[in-house]
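Inside the fold
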Amino acid sequence: AQSVTQLDSQVPVFEEAPVELRCNYSSSVSVYLFWYVQYPNQGLQLLLKYLSGSTLVESINGFEAEFNKSQTSFHLRKPSVHISDTAEYFCAVSDWGGGFKTIFGAGTRLFVKA
Amino acid sequence: DTEVTQTPKHLVMGMTNKKSLKCEQHMGHRAMYWYKQKAKKPPELMFVYSYEKLSINESVPSRFSPECPNSSLLNLHLHALQPEDSALYLCASSQEGGATYEQYFGPGTRLTVT
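Residues numbered from 1 in each chain as written. Chains lettered and ligands numbered in written order. Predicted model: local features only at pLDDT ≥ 70, side-chain atom pairs only at ≥ 80, totals over all residues. Heavy atoms only, no water.

1. Thoughts on empty space enclosed by the protein
Counted only if it meets this: Using a grid of 1 Å spacing that covers the protein atoms alone, one calls a set of points a cavity when a 1.4 Å probe fits there but cannot get out, and a pocket when the set is open and has protein on both sides within 12 Å along at least five of seven lines; lining residues are those with an atom within 4 Å of a point. Grid points are joined across faces, edges and corners, and a volume is the space filled by probe spheres set on the points.
Scanning the entire structure with this criterion turns up one cavity of 30 Å³ or more. Computed from the structure, the largest cavity encloses a volume of approximately 40 Å³.

Here it is in structure tokens:
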């Protein structure tokens, strides 16, 4: 069965500092990995995804994540954060064994301070 | 148009009321989802429709009744809810049901049961 662990419930960071949000997964088959972001009082938006190919995937707003099969990880990084990056970030995993189901991690609250 | 719309934005209902939540997408997506999200928690899957047929029911109590009238619309009928059902209800859609497809989320309906 799939599972996702987000190791940090909250990450406070100063503006323009780098940040890493950690995500580990477990699955017995090939997986597909996603990062979603949820701003206050809004639904979730896809940030980036890994399906196959290059293990480093990037978003349009400067985030990147690296799929590491040996470490079963998909950590999200940004070299310099902005106040506007303050949000809840969810790592998610799906596989063909799970059918239509995507399993979400518990979420990490990124709080960017001025 | 990559938008999923949900109405109403907010709903307050008593435990004896009957109400409905509505969701609409015009992206031609063939899979649609209902999630329940409590504060500071990840979304929990409730129902999945694929090609207008119910594919997944995550053992949701019968006081929640989903309906998919056509490929663009998804309803959630509510009856005799309990205060613990108060939550943000999110609708999502994806191109197809399956592990590789990202989901597009609506902004949610904030439900309060009194």
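This is not the end of the story, as more comes after the structure.
2. A word on the confidence of the model for chain A
Short version of the rule: The predictor attaches a confidence to each residue, and that confidence, scored 0 to 100, is pLDDT. Put simply, DSSP marks the helices as runs of H or I at least four residues long and the strands as runs of E at least two long, and each gets a number from the N terminus on.
Summing up the model confidence of chain A, the mean pLDDT is 92 and the portion of residues at 70 or higher is 96%. Mean pLDDT values for the elements of chain A range from 92 in strand β11 (residues 103-104) of chain A up to 98 in strand β3 (residues 19-21) of chain A.

3. Re the layout of surface pockets
What counts is decided by this rule: Here the nonpolar group is Ala, Val, Leu, Ile, Met, Phe, Trp, Tyr, Cys and Pro; Asp, Glu, Lys and Arg are the charged ones; every other residue, Gly included, is treated as polar.
Looking at the largest pocket, its volume works out to about 520 Å³. The wall of the largest pocket is formed by 20 residues, among which Gln38(A), Glu88(A), Ala39(B), Lys40(B) and Lys41(B) lie closest to the centre. Across the lining of the largest pocket, the residue classes tally to seven nonpolar, seven polar and six charged. Empty space within the second largest pocket amounts to approximately 320 Å³. Lining the second largest pocket are 16 residues, with Glu3(B), Val4(B), Phe105(B), Gly106(B) and Pro107(B) positioned closest to its centre. Within the lining of the second largest pocket, the residues separate by chemical class into six nonpolar, eight polar and two charged.

4. Comments concerning the state of the cysteines
Residue and element names in this part refer to chain B. Just so we agree on the cut-off: Cysteine sulfur atoms are paired as a disulfide whenever they come within 2.5 Å of each other. Relative accessibility under 20% of the residue-type maximum defines a buried residue, over 50% an exposed one, and the middle range a partly exposed one, all with a 1.4 Å probe and only protein chains included.
Under the definition given, this model contains two disulfides over all chains. With a sulfur-sulfur separation of 1.9 Å, Cys23 is cross-linked through a disulfide to Cys91. The sign of the -70° torsion about the S-S bond sets the Cys23-Cys91 disulfide as left-handed. With Cys23 in strand β3 (residues 18-25) and Cys91 in strand β9 (residues 87-94), this pair connects stretches of sequence that are 68 residues apart. The pair Cys23 / Cys91 is uniform in exposure class, with both members buried.

5. Things to note about the pattern of salt bridges
Residue and element names in this part refer to chain A. Quick reminder of the rule: For this analysis, a salt bridge means a side-chain nitrogen from Lys or Arg found within 4 Å of a carboxyl oxygen belonging to Asp or Glu.
For the structure shown, the criterion picks out nine salt bridges over all chains. When the shortest N-O distance is used, the salt bridge between Glu20 and Arg77 registers 3.6 Å. Of the two residues, Glu20 is situated in strand β3 and Arg77 in strand β9 (residues 73-78); the sequence distance between them amounts to 57 residues. With relative accessibility at 35%, the residue Glu20 sits in the partly exposed group. Counted as one network, the salt bridges with shared partners bring together Glu20, Glu64, Glu66 and Arg77.

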